[in-house]
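Structural overview for review
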Amino acid sequence: MSTFNLENAVCNHGFFMMAPNLWIPFFKTLQRPLRLSDPTTSCTVSISHPLHHTSLQVLVHGVNILSSLDQQAVLAQVSRMLRISEGDERDVSEFHKVHAEAKKRGFGRIFRSPTLFEDAVKSILLCNCSWARTLNMARDLCKLQLELNKGDEVIRDPTRRVGVKRERATYISYKGSNEAPSEGRDEVLGNFPNAKELASLDEDYLNRHCNLGYRASRIIELAKKVENGKLDLKKLEVSVSAVSSYDSVYKKLMRIKGFGPYATANVLMCLGYYQKIPVDSETIRHLQQVHARESRKRGDILKEVKAIYGKYQPFQCLAYWLELLEYYENKFGKLSELPKSCYHTITGSSVQVRMINSPKTS
């Protein structure tokens, strides 16, 4: 993967700061629980990129043996999070052709979750609240998942893990170790809850534990749609390869309760559709400070966005996100080097802006 860099692939989007993800700056390692082929069982996984190695190293903790199916399940989730595929590599290369600065910085992959369902729920958590609250809600959902499973899906103590060397994959080698980093995790969390776990809950119970507000009903409804088959997330992922599917996927997402233009655009970005930029108050702040635009009405903002980023089509969102990343790193320092305790401060909200809604525009 000629354009791949683990640090760049992880530390570029707020999702990497949200539980149960843990980026360990000193070791340049991503650690979190991932589900095995049995979706009720999780194990802690650490992902690093050793110096002078062309392959990533994936450490799977707390297990004696991984079946071939378990290895495939872990590999698929790692690949999805880091966007490691021929299609992703092709997108990065094509984006670099139209954006020289992105190529210089090695930017072109936006971090995402191991599953589309987690992306979708976290996109809902981003809406209409402070960044600090978003982080808290994600953390509380992982605490709840641990409680629901009575410890079955705990992030196991890395000091008790046992591993064996795994067979080398195409671009990721599996390896067990008793020396993997674990610092930075100051509380015990479960995995991020899946659709089955959330679909079984009622709104009051979910709110008591996670303080989601109106989002609780939206998330439960989403989980139920996934569980009963009314929303086939796997089918949405497969359709990404078809350019003609963009409009149909957008319309399908917009029909889901709780998915307005912002959450929908965010999920589209996670899917690999980069044409539509997630527009919120941060976008207004960014347009004001970086592009000297003063529009506040949604319709006008969308026109400004199109005028500024249209030249990067179909990678408008990547171009926008690179500018956001540069803004945050100029203000706070390199995101990959920040301690977890600072994450709640990583926001442009010190600049007070408000978007004035005009008639709905998509």
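Residues numbered from 1 in each chain as written. Predicted model: local features only at pLDDT ≥ 70, side-chain atom pairs only at ≥ 80, totals over all residues. Heavy atoms only, no water.

One finds Leu82 and Leu206 to be the most contacted residues of the largest nonpolar core, which totals 104 residues. Not counting chain neighbours up to four residues away, the residues in contact with leucine 206 comprise Leu141, Leu144, Leu198, Leu201, Asn211, Leu212, Ala216 and Ile220. (Core = buried A, V, L, I, M, F, W, Y, C linked by side-chain atoms within 4.5 Å. Buried < 20%, exposed > 50% of the residue type's maximum accessible area, 1.4 Å probe, protein only. Contact = heavy atoms within 4.5 Å.)

Our focus in this paragraph is the packing of helix H11 (residues 246–254) against helix H12 (residues 261–271). H12 packs onto H11 with a crossing angle of 135° between their chain directions and a minimal axis gap of 9 Å. As far as their axial angle goes, H12 and H11 are oblique. The chirality of how H11 crosses H12 is right-handed. Contacts between H11 and H12 involve Tyr246, Val249, Tyr250, Leu253 and Met254 from the former and Pro261, Thr264, Val267, Leu268 and Leu271 from the latter. (Axes fitted to C-alpha atoms, helices over the stretch in contact; angles between N-to-C directions. Helix = DSSP H or I, 4+ residues; strand = E, 2+ residues; numbered from the N terminus. Parallel < 35°, antiparallel > 145°, perpendicular 65-115°, else oblique. Left-handed = near helix turned anticlockwise from the far one by under 90°.)

A few words now on the pairing of strand S4 (residues 56–60). Most of S4 is tucked away: five of the five residues are buried. Burial along S4 is two-sided: the face carrying Leu56, Val58 and Val60 and the face carrying Gln57 and Leu59 are both buried.

Now for the pairing of strand S3 (residues 42–48). A large share of S3 lies buried, amounting to seven of its seven residues. Here S3 shows no split at all, with Ser42, Thr44, Ser46 and Ser48 on one side and Cys43, Val45 and Ile47 on the other all buried. In the sheet, strand S2 (residues 29–35) pairs with S3 via six bridges, with the strands oriented antiparallel. For leucine 34, the partnering residue across the bridge sits in S3 and is cysteine 43. Taking the residues that link successive antiparallel strands as the turn, the S2-S3 hairpin has six residues. Pairing between S3 and S4: four bridges, direction antiparallel. Directly across from serine 46, in S4, lies its bridge partner leucine 59. (Pairing = 2+ DSSP bridges.)

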